[in-house]
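# Examination of the molecular architecture
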Amino acid sequence: MFILDAHLDLSMNAMEWNRDLRQPVKELRNRELGMTDKPDRGNGTVSFPELRKGNVGIVVATQIARYVKQGSLIPGWTSPEQAWAQTQGQLAWYKAMEEAGELAQIRDEATLKSHLDLWNNNTPNDNKPIGYILSLEGADSIVDLSYLENAYGYGLRAVGPAHYGPGRYANGTDSTGQMGAAGLALLKEMERLNIILDATHLCDDAFWQALDHFNGPVWASHNNCRAFVNHNRQYSDDQIKALIARGAVIGGAFDAWMLVPGWQRKLSTPQSMNCGLDKVADNIDHICQLAGNSRHAGIGSDLDGAFGTEQSPFDLDTIADLQKLVTILSGRGYSAADLQNIFHQNWLNFFYRAWG
């Protein structure tokens, strides 16, 4: 099955985790043996060879750099300008990977169709570039709105206004409060540029306000259901229904704490919590049941988003194992057409509508 994964922090892994994603996952793990600076050292799941092995031909790839005020418990940069510079370093890595033939940027309908033709030409995937659509996770690095137009020029096509905690434009996970004038102006400029609004990480107040004020395309790149894990990072059924009404696609995330209730960081394990890929399937199925069809669920794994196998479904070793979900959902009665929708067609149709 061809897979489009709507959320991977590739540049963060390359730049902050210092992983050469051209190497096999096994090699990346070996290089990190004994390292303790990051919680997931030695447990990575994503590399270019594994993406190709799993037939993951297109990803929504992020830039991310949070601004934080003095005294914040959340890590980040101490000025928006520093955060912007960090995203530009990430952009330089993406461009270097394009030059190396590993990645190919997708920024419009023509480049999307051309890339699909390449991946569907019945030749081996081993040397094909992986298509990437550029997204910004958290808008703190947008120093002012002129920077957003600059970013659109180099290929930015989706923005999530918030990440964790309070942000410059919107409040995110584990925070509350509506957007101020800056956030509403950001939404207006995104709409003018036809940049997709990623509702992921918006706190409840900002979520509803954003849907009221933004008339452009909306999705949720990597979100699960509050019905299974009662936390503000998840979506309530009412929020899911509101996204469905807007034509959104919601990508299932693979972080274990978002899949099973009661997860304790550094104590729980996927095995002890019985957290397998079936829990991802539960979230996908819940969205499909609320929609009454399979046209609003997708994959947005967030694999290696500051967690690895220590906090991923126990039956997933690398991102190539996304293919196991095809079998799981098929076993639950999902048809071939449904599976195509969930694994790639919903995202593709979304882009065609947004860019057509």
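Residues numbered from 1 in each chain as written. Predicted model: local features only at pLDDT ≥ 70, side-chain atom pairs only at ≥ 80, totals over all residues. Heavy atoms only, no water.

## Let's talk about the state of the cysteines
Definition in use: Disulfides are defined as cysteine sulfur pairs within 2.5 Å.
Taken as a whole, this structure holds zero disulfides when the rule is applied. Cysteine C275 shares no disulfide, and the gap to the nearest cysteine sulfur, in C225, comes to 14 Å.

## Regarding the pairing of strand 2 (residues 56–63)
The cut-off we apply is this: Only protein chains enter the accessibility calculation, which uses a 1.4 Å probe. A residue is then buried if its area is under 20% of the maximum for its type, exposed if over 50%, and partly exposed in between. For the purposes of this entry, the term helix denotes a DSSP run of H or I that reaches at least four residues, the term strand denotes a run of E that reaches at least two, and both are numbered from the N terminus. Pairing between two strands requires that DSSP report at least two bridges joining them.
For strand 2, the tally of buried residues reaches eight of eight residues, placing the bulk of the element in the interior. Bridge count for strand 1 (residues 3–8) against strand 2 is four bridges, and the pairing is parallel. By the bridge assignment, I3 is partnered in strand 2 with V56.

## Observations concerning the pairing of strand 5 (residues 156–160)
Selection rule: For crossovers, right-handed means that the path from the first strand over the helix to the second runs clockwise, given strands pointing away from the viewer.
Counting buried residues along strand 5, five of its five residues qualify, which places the element largely inside the surrounding structure. Summarising the sheet, strand 4 (residues 130–137) and strand 5 pair through four bridges and their orientation is parallel. Residue pairing in the sheet places L136 in a bridge with V159 of strand 5. Considered for its hand, the β-α-β crossover made up of strand 4, helix 6 (residues 145–153) and strand 5 is right-handed. One ladder, built from two bridges, connects strand 5 with strand 6 (residues 196–198); its direction is parallel.

## Overview of the packing of aromatic side chains
Keep this limit in mind: Here a pair means two rings of Phe, Tyr or Trp (six-membered ring of Trp) with centres within 6.5 Å. Their orientation is stacked below 30 degrees between planes, edge-to-face above 60, and tilted elsewhere.
For the structure on display, the rule yields 13 aromatic pairs. Ring centres 6.1 Å apart and planes at 70° place the aromatic pair F2 and W119 in the edge-to-face group. A residue pair is termed long-range when its members are at least 10 positions apart, and F2 in the segment before strand 1 and W119 in helix 5 (residues 109–119) qualify at 117 residues. There is no split in this pair, since F2 and W119 are both buried. Between the aromatic rings of W219 and F351, the centroid separation amounts to 5.4 Å while the plane-to-plane angle is 90°, which identifies the pairing as edge-to-face. Placement of the pair is W219 in strand 7 (residues 218–219) and F351 in helix 12 (residues 336–355), with a sequence separation of 132 residues. The exposure classification of W219 matches that of F351, with both residues buried. Taken together through their ring pairs, the aromatic side chains of W219, W347, F350, F351 and W355 make up a single cluster.

## Things to note about the nonpolar core
Spelled out, the test is: To qualify as a nonpolar core, a set must consist of buried Ala, Val, Leu, Ile, Met, Phe, Trp, Tyr and Cys residues joined through side-chain atoms within 4.5 Å. Note on contacts: a residue pair qualifies if any of its non-hydrogen atoms lie within 4.5 Å across the two residues.
In this structure, L10 and L243 are the most contacted members of the largest nonpolar core, which totals 108 residues. Among the elements that make up this core, the one with the highest residue count is helix 12 (nine residues). Setting aside its immediate chain neighbours within four residues, L243 contacts A199, F207, L211, V218, A220, Y235, A248 and I250.

## Considering the packing of helix 9 (residues 237–245) against helix 10 (residues 277–291)
The cut-off we apply is this: Fitting a line to C-alpha atoms yields each axis, with helices limited to the stretch in contact; the angle taken between N-to-C directions then spans 0 to 180 degrees. Helix crossings get a hand from a simple test, with the near helix turned counterclockwise from the far one by less than a right angle marking a left-handed crossing and a clockwise turn marking a right-handed one. Three residue categories are used. Nonpolar comprises Ala, Val, Leu, Ile, Met, Phe, Trp, Tyr, Cys and Pro, charged comprises Asp, Glu, Lys and Arg, and polar comprises the others, including Gly.
Remark: helix 9 packs on helix 10, axes separated minimally by 10 Å, with the N-to-C direction vectors making an angle of 65°. Relative to helix 10, the crossing made by helix 9 is right-handed. Listed contacts from helix 10 to D237, I240, K241 and I244 of helix 9 are H286, I287, L290 and A291. Here the contact of helix 9 with helix 10 is built from residues that sort into five nonpolar, one polar and two charged.

## Structural notes on the pattern of salt bridges
So the rule is basically this: We define a salt bridge as a side-chain nitrogen of Lys or Arg found within 4 Å of a carboxyl oxygen belonging to Asp or Glu.
Inspection of every chain in the model, using the stated rule, returns 16 salt bridges. For R41, the salt bridge is made with E32, and the minimal N-O distance between the two is 3.1 Å. Accessibility assignment for this pair places R41 and E32 in one class, buried. As a salt-bridge pair, E102 and R52 come within 2.8 Å of each other at their nearest N and O atoms. Of this pair, E102 sits in the loop between helix 4 (80–99) and strand 3 (103–105) while R52 sits in helix 3 (residues 48–53), placing them 50 residues apart in sequence. For the pair formed by E102 and R52, the shared burial category is buried. Among the ionic contacts, a cluster of salt bridges with common partners joins R19, E32, D37, D40, R41 and D304.

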